[in-house]
Amino acid sequence: MTLTLRSLTPFTSLRQLHTNKQLDDFPKIICLTQTRPLRRSLVLRSIVKASYSNETTSIFDEGKSETRERFHHLKAPLVEEGKRVPVFVMLPLDTITIGGGVNKPRAMNASLKALKSAGVEGVMVDAWWGLVEKDGPLSYNWDGYAELVQMVQRTGLKLQVVMSFHQCGGNVGDSCSIPLPPWVLEEISKNPDLVYTDRSGRRNPEYISLGCDSLPVLRGRTPIQVYADYMRSFQEKFSDYLGEVITEIQVGMGPCGELRYPSYPESNGTWRFPGIGEFQCYDKYMQASLKAAAIAAGKEEWGRSGPQDSGQYNQFPEDTGFFRRDGTWNTEYGQFFLKWYSGKLLEHGDKILTAAKGIFQGTGVELSGKIAGIHWHYRTRSHAAELTAGYYNTRHHDGYQPIARMFGKHGVIFNFTCMEMKDGEQPEHANCSPEGLVRQVKIATSTTGIKLAGENALERYDPAAYSQVLATSRSDSGNGLSAFTYLRMNKRLFEPEQWRHLVEFVKSMSDGGRNTKLSPSDSRRTNLYVGFVKEKSSLEVKEAALV
């Protein structure tokens, strides 16, 4: 997540956050809402075709931030300047119900039609392991997803499907709870070391520890085999739609579907932004691996435990011996540990993507993997928050090139978050630089020759956020975006002003990230917002009702 950010309010509900703070005061906080039924019909009148005027000031006219980081030499951008960037929209987390059906199908169908009319390329949905295989090992229920795929096909949209092997709930914006399958939780209760563990012994049930990837700990199967069987079942069930309706499979590889350790868990107030987080290597399987690596390096004493001076979740780098300016991270021991810790994460991703490639190769779908945009403490030497998450990225060591090379080995798209964020929006004490981080990732993907796709990290509707996405979508500072997925479809997105901004954003992205000038008001009667009806020969208007 960039602060995870796959998780926001369902599109059928919205409650305002009452506070006297401004956005800059809490850039990483999302309001968790409760749902309630819609009691009235909201009619969306949106446009399929329109002639946009270039005479007025665009809401996307924003200045460019200055470059603050030093980077390596760039190859020619993989994505050409001016190329169309398709926009997808994430569906609500609870799109499929616990019972296995589409949640509020009438509202979903109307919303999909509205998105199609706005020029959106398609939508993204989580295929939750905890829903599909909840009845027992190898017992899969894809019925709700089959209903959704047919619905998407009828509207003419494309579908990105996330193989979500993680828990929903306990992270920023998680609006519903979908735990791991009950039979998996039963195995965890028998053997708590199956999940990630911190130095204090705190267990995290979000995702199975990568330390047991190759051990038959799930009723005779290894976790990698379980993930592969799940993906194979999906491939067989939806083979007729792959490459046509279903165009991308995003392979989940960790908490929030991201390739990382759960180093900054929000559940029960364990972590708060901008804490450095903690290393997650204290289950018996990870400890055995660390011990073996230390012995192989001729330093057996390094394998007795993880770092003893790395601090606690909510501390700052300078509060610790490990992460401070000239701390342990930059010693021979620190380099050994960080290489092992990040290397295990890369091995985990490589194993899952090897399985995914073998299953989906030749089906016409593209594979993608998601990396978290951990931008806090990016301006420090140690990049502490990235290190605890498993990204060995410091002032002296590039942590994203190895990930990009591993993705490139399998032909996987590098999906990255925080594309909408600006440095100036972040609190100074957090030493953030989302723009610097995005530039580094763009360069890593460009030099390794792989595609880069993006998401916004936080729920944003304002012109400044859209403008920043447009700027990062271009290839003038590394690799341009091959696609962008907007987080997330909900009731607020269809409000008049927010809808108008989305339509203009999609139009601009379809024009290769160039500013599409549109009047800030509807004086030209473009029908770009809810509640205005005007018949014009140059417009094709569709209606969709949310009920």
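Peer 1: I'd love a proper account of the overall build of the protein chain, names of residues and values included.
Peer 2: Of regular secondary structure, the protein chain possesses twelve helices and twelve strands. Looking at the protein chain residue by residue over its 547 residues, the buried ones come to 61%. Of the roughly 20900 Å² that the protein chain leaves accessible, carbon and sulfur atoms contribute 46%.

Peer 1: Let's hear about the packing of aromatic side chains: which residues, and what values?
Peer 2: The final tally for this structure, using the stated rule, is 38 aromatic pairs. For the pair Trp-142 and Phe-238, a centre-to-centre distance of 6.0 Å together with 85° between the ring planes defines the contact as edge-to-face. With a gap of 96 residues between them, Trp-142 in the loop between helix 2 (129–132) and helix 3 (143–155) and Phe-238 in the loop between helix 5 (223–237) and strand 7 (246–251) connect regions that are remote in the sequence. Given a relative accessible area of 1%, Phe-238 falls into the buried group. Taken together, a centroid distance of 6.2 Å and an interplanar angle of 45° make the contact between Phe-414 and Phe-416 tilted. Across the pair, Phe-416 and Phe-414 agree in class, each one buried. Site record: aromatic cluster; members linked through ring pairs are Trp-129, Tyr-140, Trp-142, Tyr-145, Phe-165, Trp-183, Tyr-207, Tyr-227, Tyr-230, Phe-234, Phe-238 and Phe-360.

Peer 1: Please give an account of unusual backbone geometry that cites residues and values.
Peer 2: In the segment running from Phe-273 into Pro-274, the intervening peptide bond is cis, with an omega of 5°. Checked against the element boundaries, Pro-274 lands in the loop between strand 7 and helix 6 (284–296). For the bond running from Leu-487 to Arg-488, omega is 0°, close enough to zero to count as cis. Turning to its location among the elements, Arg-488 is positioned in the loop between strand 11 (481–486) and helix 12 (496–510). Its identity as a non-glycine residue notwithstanding, Arg-219 has a phi of 55°, on the positive side. Following the sequence through the fold, Arg-219 ends up in the loop between strand 6 (203–208) and helix 5. Residues other than glycine seldom take positive phi values, yet His-377 does so here, at roughly 65°. With respect to the helices and strands, His-377 occurs in the loop between strand 8 (366–371) and helix 8 (384–389).

Peer 1: Give me the lowdown on the packing of helix 1 (residues 105–117) against helix 3, citing residues and values where you can.
Peer 2: The contact between helix 1 and helix 3 brings their axes to 9 Å, and the two run at 35°. Between helix 1 and helix 3 the crossing geometry is right-handed. Facing Pro-105, Met-108, Asn-109, Leu-112, Lys-113 and Lys-116 of helix 1, the residues of helix 3 in contact are Glu-147, Leu-148, Met-151, Val-152 and Thr-155. For the contact of helix 1 with helix 3, the per-class residue count stands at six nonpolar, two polar and three charged.

Peer 1: Explain the pairing of strand 11 residue by residue, including any values.
Peer 2: Looking along a regular strand, one sees the side chains alternate between the two faces of the sheet. Most of strand 11 is tucked away, with five of its six residues classed as buried. Here strand 2 (residues 87–90) runs beside strand 11; their pairing, made up of three bridges, is parallel. Bridge assignment links Phe-88 to a residue of strand 11, and that residue is Thr-485. Inspection of the sheet shows strand 10 (residues 452–455) paired to strand 11 by four bridges, in the parallel sense.

Peer 1: Explain the sheet that holds strand 4 (residues 158–164) residue by residue, including any values.
Peer 2: Here we have eight strands rolled up into a closed barrel, ordered 2-3-4-7-8-9-10-11, and parallel in their pairing. Each adjacent strand pair in this sheet contributes to an overall mean axis angle of 30°, direction not counted. Contacts from helix 9 (residues 401–409) reach strand 8 and strand 9 (413–416), with the element oriented near 140° to strand 9. Here helix 10 (residues 434–448) sits on the sheet and contacts strand 9 and strand 10; the angle it forms with strand 9, its principal contact strand, is near 180°.

Peer 1: Any details on the packing of helix 5 against helix 7 (residues 332–360)? Residues and values, ideally.
Peer 2: Interhelical geometry of helix 5 versus helix 7 gives an angle of 25° and a closest axis separation of 10 Å. Between helix 5 and helix 7, the angle falls in the class roughly parallel. With respect to the hand of their crossing, helix 5 and helix 7 are arranged in right-handed fashion. Side by side, helix 5 and helix 7 meet where Ile-224, Tyr-227, Ala-228, Met-231, Arg-232, Phe-234 and Gln-235 of the first sit next to Lys-351, Ile-352, Ala-355, Ala-356, Ile-359 and Phe-360 of the second.

Peer 1: With reference to specific residues and values, describe the confidence of the model for the protein chain.
Peer 2: Per-residue pLDDT for the protein chain averages 84, and the proportion of residues at 70 or more is 77%. Here residues 2–77 is modelled with pLDDT under 50, and outside its nearest four sequence neighbours on either side it reaches 232 contacts, counting other chains as well.

Peer 1: Lay out the environment of Val-162 in plain terms, naming residues and giving numbers.
Peer 2: Relative to the helices and strands, Val-162 resides in strand 4. In this structure Val-162 comes out as buried when scored by relative accessible area, which is 1%. Expressed as a C-alpha distance, the spacing of Val-162 and Ile-249, which sit 87 residues apart in the sequence, is 5.9 Å.

Peer 1: Could you give an account of the pattern of salt bridges, with specific residues and numbers?
Peer 2: All told, the structure shown has 21 salt bridges when counted by the stated rule. Between Glu-347 and Lys-344 there is a salt bridge, with the nearest N and O atoms lying 4.0 Å from each other. One end of the pair is Glu-347 and the other is Lys-344, both in helix 7 and three residues apart, which spans about a single turn. The class for Lys-344 is buried, based on a relative accessible area of 15%. In this structure, Arg-460 and Asp-462 form a salt bridge, with 2.7 Å as the shortest nitrogen-oxygen distance. Accessibility expressed as a relative area gives 7% for Arg-460, which makes it buried.

Peer 1: Explain the nonpolar core to me, and be specific about the residues and the numbers.
Peer 2: Counting residues in each nonpolar core, the largest one holds 144 residues, and the members touching the most others are Trp-129, Ile-246 and Phe-407. No other element matches the 13 residues that helix 7 contributes to this core. Leaving out residues up to four positions away in the same chain, Ile-246 has contacts with Val-149, Leu-159, Val-161, Phe-234, Phe-238, Tyr-241 and Val-365.

Peer 1: Report on the side chain of His-377, specifying residues and quantitative values.
Peer 2: Take His-377: its relative accessible area is 0%, and that puts it in the buried class. In contact with His-377, other than residues within four places in its own chain, are Pro-274, Gly-275, Ile-276, Phe-316, Pro-317, His-383, Ala-384, Ala-385, Ala-430, Asn-431 and Cys-432.

Peer 1: Which residues make up the pairing of strand 3 (residues 122–128), and what values do they have?
Peer 2: Across the seven residues that make up strand 3, a large majority, seven, are buried. By the alternation rule, side chains of strand 3 split into Gly-122, Met-124, Asp-126 and Trp-128 and Val-123, Val-125 and Ala-127, which are all buried. Direction of pairing for strand 2 relative to strand 3: parallel, over a ladder of three bridges. Across the sheet, residue Val-89 finds its bridge partner in strand 3, namely Val-123. Remark: the strand 2/helix 1/strand 3 crossover connection has right-handed handedness. Strand direction decides the pairing type here: strand 3 and strand 4, joined by seven bridges, are parallel.

The rules behind the values
Residues numbered from 1 in each chain as written. Predicted model: local features only at pLDDT ≥ 70, side-chain atom pairs only at ≥ 80, totals over all residues. Heavy atoms only, no water. Helix = DSSP H or I, 4+ residues; strand = E, 2+ residues; numbered from the N terminus. Buried < 20%, exposed > 50% of the residue type's maximum accessible area, 1.4 Å probe, protein only. Areas by Shrake-Rupley, 256 points an atom, 1.4 Å probe, with all protein chains shown as cover. Phe/Tyr/Trp six-rings, centres within 6.5 Å; stacked < 30°, edge-to-face > 60°. Axes fitted to C-alpha atoms, helices over the stretch in contact; angles between N-to-C directions. Left-handed = near helix turned anticlockwise from the far one by under 90°. Contact = heavy atoms within 4.5 Å. Nonpolar A, V, L, I, M, F, W, Y, C, P; charged D, E, K, R; others polar. Pairing = 2+ DSSP bridges. Parallel < 35°, antiparallel > 145°, perpendicular 65-115°, else oblique. pLDDT = per-residue confidence, 0-100. Salt bridge = Lys/Arg side-chain N within 4 Å of Asp/Glu carboxyl O. Core = buried A, V, L, I, M, F, W, Y, C linked by side-chain atoms within 4.5 Å. Right-handed = clockwise from strand over helix to strand, strands pointing away.

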